[in-house]
Amino acid sequence: MTETVSKLCVLVVDDSPVYRKLVEHTLEDEAYLPVFAKNGREALELYAKHEPAIVITDWMMPDFSGLELCRHVRGDAPHRYVYIIILTSISEKENVVNGLAAGADDYLTKPFDPGELLARIGVGRRTIDLHRQIDSKNKLLEEMAHSDPLTGLPNRRAIEAWAGRQLRGAARHGYPLWVVYADLDSFKTINDTYGHDAGDQVLKEFATILNDCTRASDMSGRIGGDEFLFVLTHVEEGKIQMVVERMRERFASKKFSFGGKSISVTASFGVCGFQGNKPPEFSELVQRADKALYCAKRAGRNQIKIESF
């Protein structure tokens, strides 16, 4: 079975039709998709449109130099790597150092051998592939650092970073923000009676319900053990009880089958809200929601206690 290789976009910038044609022939039947510009203005337009992975640019152009193009590319794409090759004549070779300092990765002296150009582009492709692999792994590590491995929900670190920004936005624009602290009732008994696999199943089910109730403007996550946080925005004070109640009822009605027995599990909720122009620290809201949760536990569990604004 033949492996399909995705074509890499290559932006070629040269005011000489001869060299543009030479590069075009060099890249024929190869794993590249070349686009051509005759000057710097066209280069910028094509760069913005196609977001090429590799740029091959002449040093001297009618409107501005390859040096300026290098600086533009490096300044425009800080989060993705673009491999830049400068084409220069022998008389301009003294400027190579300046080009490399401006961000070019390689250079080739005109007239060049097509095979050498193709080899250098190949080096660029391997470099781009390496950068993409690193970016992908870094993204995965970032996600792992901000998510709970069991439930897939954000962890406390992720919630705190997000909630800090939301609190400032709530204060600036005047919308309410609520922190809901949830804790599963008698969870230790489930682990002790039916095993940790059963406990994990319960946690995952609660996480699914919590995630289903989370809108794009909200955030929810597991902060450890059987404790979860749910941060909601743009919910009026008179409606927060109903929002949390739907979640409480849905979880309480869920039946789990462990050891041949059908059991139900409940959760208790403590809620604290903020609305105003001077936001507190998010940790303060969490502490107040935790106190409300403690009141719900003392009142008999499977309840919601709300601390008003």
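What you are looking at is a predicted structure, and each value in this text was computed from that prediction instead of being measured. (Residues numbered from 1 in each chain as written. Predicted model: local features only at pLDDT ≥ 70, side-chain atom pairs only at ≥ 80, totals over all residues. Heavy atoms only, no water.)

What's the story with the confidence of the model for the protein in this structure? I'm lost.
A low pLDDT score tells you not to read the predicted coordinates there in detail. Across the protein, the average pLDDT comes to 89, with 94% of residues at 70 or higher. The weakest mean pLDDT in the protein belongs to helix α4 (residues 96-101) at 79; the strongest belongs to strand β6 (residues 177-184) at 97. (pLDDT = per-residue confidence, 0-100. Helix = DSSP H or I, 4+ residues; strand = E, 2+ residues; numbered from the N terminus.)

Would you take a moment to explain helix α1 (residues 17-26) for this structure?
In an α-helix, one turn spans 3.6 residues; hence positions three or four apart end up facing the same way. Taken as a whole, α1 has its buried residues at Tyr 19, Arg 20, Val 23 and Thr 26. The buried side chains of α1 occupy one side of the element, clustering within an arc of 125 degrees when seen end-on. Opposite the buried face of α1, by more than 90 degrees, sit the exposed residues Pro 17 and Val 18. (Buried < 20%, exposed > 50% of the residue type's maximum accessible area, 1.4 Å probe, protein only. Arc of directions from axis to C-beta.)

How should I be thinking about the packing of aromatic side chains in this particular structure?
Two measures describe an aromatic ring pair: the distance that separates the ring centres and the angle between the ring planes. Applying the stated criterion across every chain yields a total of seven aromatic pairs. Pairing Tyr 19 with Phe 112 gives two aromatic rings, centres 5.7 Å apart and planes at 40 degrees, and the pair type is tilted. Residue Tyr 19 is located in helix α1, and its partner Phe 112 is located in the loop between β5 (106-110) and α5 (114-145); the two are separated by 93 residues in the primary sequence. Here the two residues Tyr 19 and Phe 112 agree in accessibility, since each one is buried. Here the aromatic rings of Phe 206 and Phe 251 are separated by 5.0 Å at their centres, their planes lie at 85 degrees, and the arrangement is edge-to-face. One end of the pair, Phe 206, is in helix α8 (residues 196-212); the other, Phe 251, is in helix α9 (residues 240-252), and 45 residues separate them in sequence. Exposure remark for Phe 206: the relative accessible area of 0% places this residue in the buried category. For Phe 251, a relative accessible area of 0% gives the class buried. Through a chain of ring-to-ring contacts, three or more aromatic side chains come together here, namely Tyr 194, Phe 206, Phe 228, Phe 251, Phe 256, Phe 258 and Phe 269. A cation over a ring is seen here: Arg 74 above Tyr 81, with NZ or CZ 4.6 Å from the ring centre. Here the guanidinium or amino end of Lys 254 rests over the ring plane of Phe 256, the centre of that ring lying 6.0 Å away. (Phe/Tyr/Trp six-rings, centres within 6.5 Å; stacked < 30°, edge-to-face > 60°. Lys NZ or Arg CZ within 6 Å of the ring centre and 35° of its normal.)

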